[in-house]
Amino acid sequence: MDLSLKGRTAVIGGASQGIGFAIARLLAAEGASVAIVARRAEPLSRAAQAISVETGARVLPIPADIRRAEDCSRIVETALAELGRVDVLVNNDGAPPLGALQDFDDAAWDKAVQQNLMSVVRLSRLAVPAMRAHKYGRIVNIAALSAIQPIPSFGLSIATWAGVIGFAKTLSLELAADEITVNTICPGRIATGRLAKVFGGEERKDDAEMLERITREIPMRRVGRPEEVAGLVALLASPFGGYITGATFHVDGGRRASLL
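Residues numbered from 1 in each chain as written. Predicted model: local features only at pLDDT ≥ 70, side-chain atom pairs only at ≥ 80, totals over all residues. Heavy atoms only, no water.

Once that is clear, we can look at helix 5 (residues 155-175). Across its 21 residues, helix 5 extends 30 Å between first and last C-alpha, which sits within 8% of the 30 Å expected from 1.5 Å per residue. For helix 5, the set of buried residues is Gly155, Leu156, Ser157, Ile158, Thr160, Trp161, Val164, Ile165, Ala168, Leu171, Ser172 and Leu175. Buried residues along helix 5 sit in contact with helix 4 (106-134), strand 5 (137-142), strand 6 (180-187) and strand 7 (248-251). (Helix = DSSP H or I, 4+ residues; strand = E, 2+ residues; numbered from the N terminus. Expected span 1.5 Å × (residues − 1). Buried < 20%, exposed > 50% of the residue type's maximum accessible area, 1.4 Å probe, protein only. Contact = heavy atoms within 4.5 Å.)

Taken as a whole, the largest pocket holds about 1000 Å³ of empty space. Lining the largest pocket are 37 residues, with Asp93, Gly94, Ala95, Thr192 and Arg194 positioned closest to its centre. The leading source of residues in the lining of the largest pocket is helix 6 (residues 193-199), at 6 residues. Across the lining of the largest pocket, the residue classes tally to 16 nonpolar, 13 polar and 8 charged. (1 Å grid on protein atoms, 1.4 Å probe; cavity = no way out; pocket = protein on both sides within 12 Å on 5 of 7 lines; lining within 4 Å. Points joined across faces, edges and corners; volume = space filled by probe spheres on them. Nonpolar A, V, L, I, M, F, W, Y, C, P; charged D, E, K, R; others polar.)

Okay, the pattern of salt bridges next. For the structure shown, the criterion picks out 18 salt bridges. The partner of Glu54 in a salt bridge is Arg25, with the nearest N and O atoms 3.0 Å apart. Of this pair, Glu54 sits in helix 2 (residues 41-55) while Arg25 sits in helix 1 (residues 18-29); the two residues are 29 residues apart in sequence, bridging distant segments of the chain. With relative accessibility at 30%, the residue Arg25 sits in the partly exposed group. Ionic contacts of the salt-bridge type, sharing partners, join the residues Arg39, Asp65, Arg67 and Asp93 into one network. (Salt bridge = Lys/Arg side-chain N within 4 Å of Asp/Glu carboxyl O.)

We now examine the sheet that holds strand 2 (residues 33-38). Strands sit in the order 3-2-1-4-5-6-7 across an open sheet of 7 strands; the sheet is parallel. Of all the strands in the sheet, just strand 3 (59-63) and strand 7 have a single pairing partner and so form its edges. Here the strands of the sheet are splayed against their neighbours by 20 degrees on average, with no regard to which way each runs. Of the pairings in the sheet, the one linking strand 2 to strand 3 comprises 5 bridges and is parallel in character. Counterpart to Val34 in the pairing with strand 3 is Val59. Along the sheet, helix 3 (residues 69-83) contacts strand 1 (9-12), strand 2 and strand 3; its crossing angle with strand 3, the most-contacted strand, is approximately 155 degrees. Along the sheet face, helix 5 touches strand 5, strand 6 and strand 7 and points at about 160 degrees away from the line of strand 6. (Pairing = 2+ DSSP bridges. Axes fitted to C-alpha atoms, helices over the stretch in contact; angles between N-to-C directions.)

This is how it looks when you write it as structure tokens:
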């Protein structure tokens with residue numbers, strides 16, 4: 001299916017690996033030019049090369065730390081200068097440390113807020129004028145299932161991503177008349193390096209017992225693939241997603257335990 005993304009430009013965070021890489025790869029395969037962002041320059045450069053060779057798309061690596069306001073400005077400015085426009089913004093990054101909420105001091109909270117919430121606020125604010133100029137805009141935020149179904153030890157992420165969901169819903173109302181959509185995706189357990197670190201440690205990422213343990217509560221009895229999150233992002237980024245805004249989606253193999 002052609003998602004009509006040829007000629008569009010997307011900025012994707014956390015794109016040197018995992019879900020971000022899968023999103024950038026799919027949008028590039030659909031014909032979009034992509035600016036990919038991550039903190040470490042070398043893995044980002046390798047990711048850009050791999051996507052470019054596979055898809056033939058233009059891929060612009062922008063090493064940056066989205067926790068820094070000046071880096072958020074540089075990301076959008078560089079994308080506009082090099083690619084000419086920003087049609088799609090995918091706010092995606094890692095996550096703050098795990099642990100009991102009582103154990104985190106103000107500094108830890110500030111880092112979490114800058115990483116998960118303020119990066120979304122800043123990048124969205126910076127990208128919207130460019131979207132308005134071309135009368136096309138898609139903002140997609142990647143959070144996690146824990147943001148709408150909290151679990152212990154994930155409090156820094158849960159609190160800040162809950163803020164993202166509230167921000168996104170409000171922004172969607174304010175931008176709807178401009179044909180700019182704003183949506184949030186909350187993936188469940190997806191096969192990335194973070195899954196191994198959280199549930200078993202990097203050295204156990206192929207351990208059958210770990211996989212059995214973490215899939216026990218998933219109705220589909222398997223973890224998801226990054227490409228399965230990327231597919232939803234591609235739909236929301238496309239003209240076919242033009243009437244979907246202010247929504248929060250869970251991509252979780254049926255694990256979400258509520259009617260809505």
